[in-house]
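Listed below, chain by chain, are the residues.
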Amino acid sequence: MADETDGLFMFGDDLEAILDVLEEDERIQDDFTEAVNLAQNYHIVCECGKSYKTKAGYDRHRTAKHGNTESESATLFTTSLLAEMVNRAVQSIKERKVFNLSIKNELTVLIFELEERSDEFFYLKTIYESLRKKGDVEKFYSNFYGTVALNATKYFKGLTRNAATLLATKVADTMIANSKKQKLSSVSNESIHELTNKQKAGLQYVSGYVLQNLHKKYCKVNSIESQQAMTILKAGKLDSMNLNTQKQELISSLNRGGLWTVTLPAFKIFLKTDEYFRQSTSKAGLQRIDIVGITKNSTTDSDVLANYQLIVSKADCDSYSHVQKDVLHNIVSLYIRVRSFSYAKDIVQKYKIKAKQRKSKSLRKEISRSCKENEEERQE
C-alpha cells in the first residue's frame, strides 16, 4: 500500500520540476487568472430569479441548483431505480412461505408503472432523497407508512388492498437497504489512509504554491474585491514570527524565493480537500476527475468551513460575503486542478516506467536466448 501512495506527491527535484512546469503551463496559469476574473463585481440574474454579484457565485448556483455533478448523477432516484426496488420486494415476498398464495399470485402478474410526473413518484423521491442525505430511518418510516402504505393501492395499481399494503412495507425495507448500499459503495473517509509525514510535507509545499500564485493574480486586478481577497489569502500565510513554531522542512529546503508557508487552518483545508480528491480518484476504471464534484464536497464540508472562518477572522477585514465564498471556492478548485495535473503526470510516469521495465525484460530474454543459441552452435 505504501508503494502505491508514495506517488501522491513528488519530492525533491521532481517536485521542483513539477512546479516549474505548472508555472510555465498556460492552461494552469489561465485557470488562476480566470478564477480572479470570475470573482470581480458583476450583476447576474439567473433564470430562476436569483441575482449574484460575481460570476463565480452564479456558476456555483448553477451547479448546485440547475445541474448534477458526476457523483450525484450515479445516485439519482429514477423510475427505473424504483421499479428495480419494487421487483426486489416482490421477489422477497414470493420466496417467503408464510405469505398467502393468492397474494403471491397477484404479485406474479403485477406490472408496476408509476409516471415520473405523478404526485406519488414525487413523494417517494422526496422521502428517499431525504433518507439518503440525513439517514433518519424513523422519519422515513413515519412518512412512508403515513402516506404510501396508507394509500398503497394508488402506488401499486391493480392489486387488492392487502397485497398492495404488504408490497408497500417490503418496498420501504428495500428502499432503506438500497440507501445504505449506496452509502457503502461510495468510498468512506475511514477507508482513505492517513498521509505520511513525507506526503504532508509535499501537501504543505503545494498549498503554499496555490495561495501565493492566487495572491499574485489578484494583485494584477485593481478592485475592492481583489483587495479583500488578497487580505484573506494573506491571513492564510504563516508570518515570519511563527515560522519556528510550525516546522515545514520541505518548504525550508526547497524555498523558491519567497514561497508561502501556510497556517494550520489553511493546511487543514488543503488536507481535507486532498482527502476528497483521493476518495474520488480511488475508484476503479477512472476515466476523468470530477473537479466540480470534489470542489462542492470540500467547500460544503463543516471542517473546511470552520477552518476557513478562522482565516477570515484573522484577516481582520470587513469583506463582502460573496468575496469570502469566491476565495474559498478558488482556493479549493485551483488546488484540485494543480493536484489533477500532478496526478496525471504521475500516471504517465508510472506507465513509462512499466513500459521500460517490460522492454528491458524482453531485451534480457532476447540476449539470453541468443547466448544460448550460440552456446549450442559451439557445442555442435
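These numbers were taken from a predicted model, which means no experiment stands behind them. (Residues numbered from 1 in each chain as written. Predicted model: local features only at pLDDT ≥ 70, side-chain atom pairs only at ≥ 80, totals over all residues. Heavy atoms only, no water.)

Peer 1: Which parts of the structure should I look at to understand the overall build of the protein chain?
Peer 2: Helix and strand counts for the protein chain stand at 18 helices and two strands. Across the 380 residues of the protein chain, 43% fall into the buried class. Across the protein chain, every contact between residues at least 6 apart in sequence was considered, and the portion connecting residues at least 24 apart equals 73%. Per element, the accessible surface of the protein chain, about 22,200 Å² overall, is 50% carbon and sulfur. (Helix = DSSP H or I, 4+ residues; strand = E, 2+ residues; numbered from the N terminus. Buried < 20%, exposed > 50% of the residue type's maximum accessible area, 1.4 Å probe, protein only. Contact = heavy atoms within 4.5 Å. Areas by Shrake-Rupley, 256 points an atom, 1.4 Å probe, with all protein chains shown as cover.)

Peer 1: How should the packing of helix H12 (residues 197–219) against helix H15 (residues 264–281) be read in this particular structure?
Peer 2: Relative orientation and spacing of two packed helices are given, respectively, by the angle between their axes and the distance between those axes. Remark: H12 packs on H15, axes separated minimally by 10 Å, with the N-to-C direction vectors making an angle of 105°. Considered as vectors, H12 and H15 are oriented roughly perpendicular to each other. Within the contact between the two elements, H12 uses Lys200, Leu203, Gln204, Ser207, Val210 and Leu211 and H15 uses Ala266, Phe267, Phe270 and Leu271. Per-class residue counts for the contact of H12 with H15 are seven nonpolar, two polar and one charged. (Axes fitted to C-alpha atoms, helices over the stretch in contact; angles between N-to-C directions. Parallel < 35°, antiparallel > 145°, perpendicular 65-115°, else oblique. Nonpolar A, V, L, I, M, F, W, Y, C, P; charged D, E, K, R; others polar.)

Peer 1: Just checking my understanding: could you explain the packing of aromatic side chains for this structure?
Peer 2: Pairs of aromatic rings are described using the distance from one ring centre to the other and the angle between the two planes. Summed over all chains, the structure comprises eight aromatic pairs. Between Phe112 and Phe156, the aromatic rings sit 5.7 Å apart at their centres with planes inclined by 40°, giving tilted as the arrangement. Here Phe112 is found in the loop between helix H7 (101–108) and helix H8 (119–134), whereas its partner Phe156 is found in the loop between helix H10 (152–155) and helix H11 (161–185), with 44 residues between them in sequence. For the pair formed by Phe112 and Phe156, the shared burial category is buried. With 5.4 Å between their ring centres and 70° between their planes, Phe270 and Tyr335 make a pair best called edge-to-face. Placement of the pair is Phe270 in helix H15 and Tyr335 in helix H18 (residues 321–379), with a sequence separation of 65 residues. Take Tyr335: its relative accessible area is 0%, and that puts it in the buried class. Grouped by ring-pair contacts, the aromatic residues Phe140, Tyr141, Phe144 and Tyr145 constitute a single cluster. (Phe/Tyr/Trp six-rings, centres within 6.5 Å; stacked < 30°, edge-to-face > 60°.)

Peer 1: I keep staring at helix H6 (residues 79–95) and nothing clicks. Help me out?
Peer 2: Helical geometry note: an α-helix holds 3.6 residues per turn, so side chains three or four residues apart project in the same direction. In this model H6 runs 24 Å from its N-terminal to its C-terminal C-alpha over 17 residues, within 8% of the 24 Å that 1.5 Å per residue would give. Burial in H6 covers these residues: Leu81, Leu82, Met85, Val86, Ala89, Val90 and Ile93. (Expected span 1.5 Å × (residues − 1).)

Peer 1: Sorry if this is basic, but what is going on with the nonpolar core here?
Peer 2: Generally speaking, a soluble globular protein has its nonpolar side chains buried in company with each other. Val210, Leu211, Leu233 and Val327 are the most contacted members of the largest nonpolar core, which has 40 residues in total. Of all the secondary-structure elements, those providing two or more residues to this core are H12, helix H13 (224–235), H15, helix H16 (291–299), helix H17 (302–315) and H18. The leading source of residues in this core is H18, at nine residues. Those residues in contact with Leu211, other than ones at most four positions away along the chain, are Leu233, Gly236, Trp260, Val262, Ala266, Phe270 and Ile331. With 36 residues, the next largest nonpolar core counts Phe112, Phe140, Tyr155 and Leu159 among its residues. (Core = buried A, V, L, I, M, F, W, Y, C linked by side-chain atoms within 4.5 Å.)

Peer 1: Looking at this model, I keep getting lost on the confidence of the model for the protein chain. Mind explaining?
Peer 2: In low-pLDDT segments, the atomic positions of the prediction should not be examined closely. Summarising the model, the protein chain shows a mean pLDDT of 76, and 64% of its residues fall at 70 or more. Here residues 1–13 is modelled with pLDDT under 50, and outside its nearest four sequence neighbours on either side it reaches 27 contacts, counting other chains as well. Across residues 68–74 the pLDDT falls below 50, and counting only partners more than four positions away or on other chains, this stretch makes twelve contacts in the model. (pLDDT = per-residue confidence, 0-100.)

Peer 1: Looking at this structure, how should I read the side chain of Lys170?
Peer 2: Considering the arrangement of structural elements, one finds Lys170 in helix H11. Of the side chains with opposite charge, Asp173 lies nearest to the buried Lys170, which makes no salt bridge, at 4.6 Å. (Lys, Arg positive; Asp, Glu negative; His and termini not counted. Salt bridge = Lys/Arg side-chain N within 4 Å of Asp/Glu carboxyl O.)

Peer 1: Explain the packing of H15 against H17 to me, please; I cannot follow it from the model alone.
Peer 2: Running from N to C, H15 and H17 point in directions that differ by 155°, and their axes come no closer than 8 Å. In this view, H15 runs roughly antiparallel relative to H17, as classed from their interaxial angle. Where H15 crosses over H17, the handedness of that crossing is left-handed. Seen from H15, the contacting residues are Pro265, Ala266, Lys268, Ile269 and Lys272; seen from H17, they are Asp303, Val304, Asn307, Tyr308, Leu310 and Ile311. Classifying every residue of the contact of H15 with H17 gives seven nonpolar, one polar and three charged. (Left-handed = near helix turned anticlockwise from the far one by under 90°.)

Peer 1: Whenever I open this one, the environment of Ala83 confuses me. Can you help?
Peer 2: Relative to the elements of secondary structure, Ala83 occurs in helix H6. On the basis of relative accessible area, Ala83 is assigned to the partly exposed category, the value being 23%. Ala83 sits 28 residues away from Ile111 along the chain, and the two C-alpha atoms are 9.7 Å apart.

Peer 1: Where do I start with the environment of Ile311 in this structure?
Peer 2: Relative to the assigned elements, Ile311 resides in helix H17. Overall, the relative accessible area of 6% leaves Ile311 in the buried class. As a C-alpha pair, Ile311 and Pro265 span 46 residues in sequence and 6.8 Å in three-dimensional space. Setting aside anything within four residues of it in sequence, one finds Ile311 in contact with Ile232, Ala235, Gly236, Pro265, Ala266 and Ile269.

Peer 1: How should I be thinking about the pattern of salt bridges in this particular structure?
Peer 2: A pair can form between side chains of opposite charge whenever their charged atoms are brought close. Inspection of the entire model under this criterion finds four salt bridges. A salt bridge links Glu275 to Lys272; the nearest nitrogen and oxygen atoms lie 3.4 Å apart. Separated by three residues within a single helix, Glu275 and Lys272 lie in helix H15, roughly one turn from each other. Neither Glu275 nor Lys272 differs from the other in exposure class; each is buried. The salt bridge involving Arg278 is made with Asp274; its shortest N-O contact spans 2.9 Å. Highlighted residues: Arg278 and Asp274, both in helix H15, separated by four residues, approximately one helical turn. In this pair, the class of Arg278 matches that of Asp274, namely buried. Sharing partners across several salt bridges, the network here consists of Asp274, Arg278 and Arg339.

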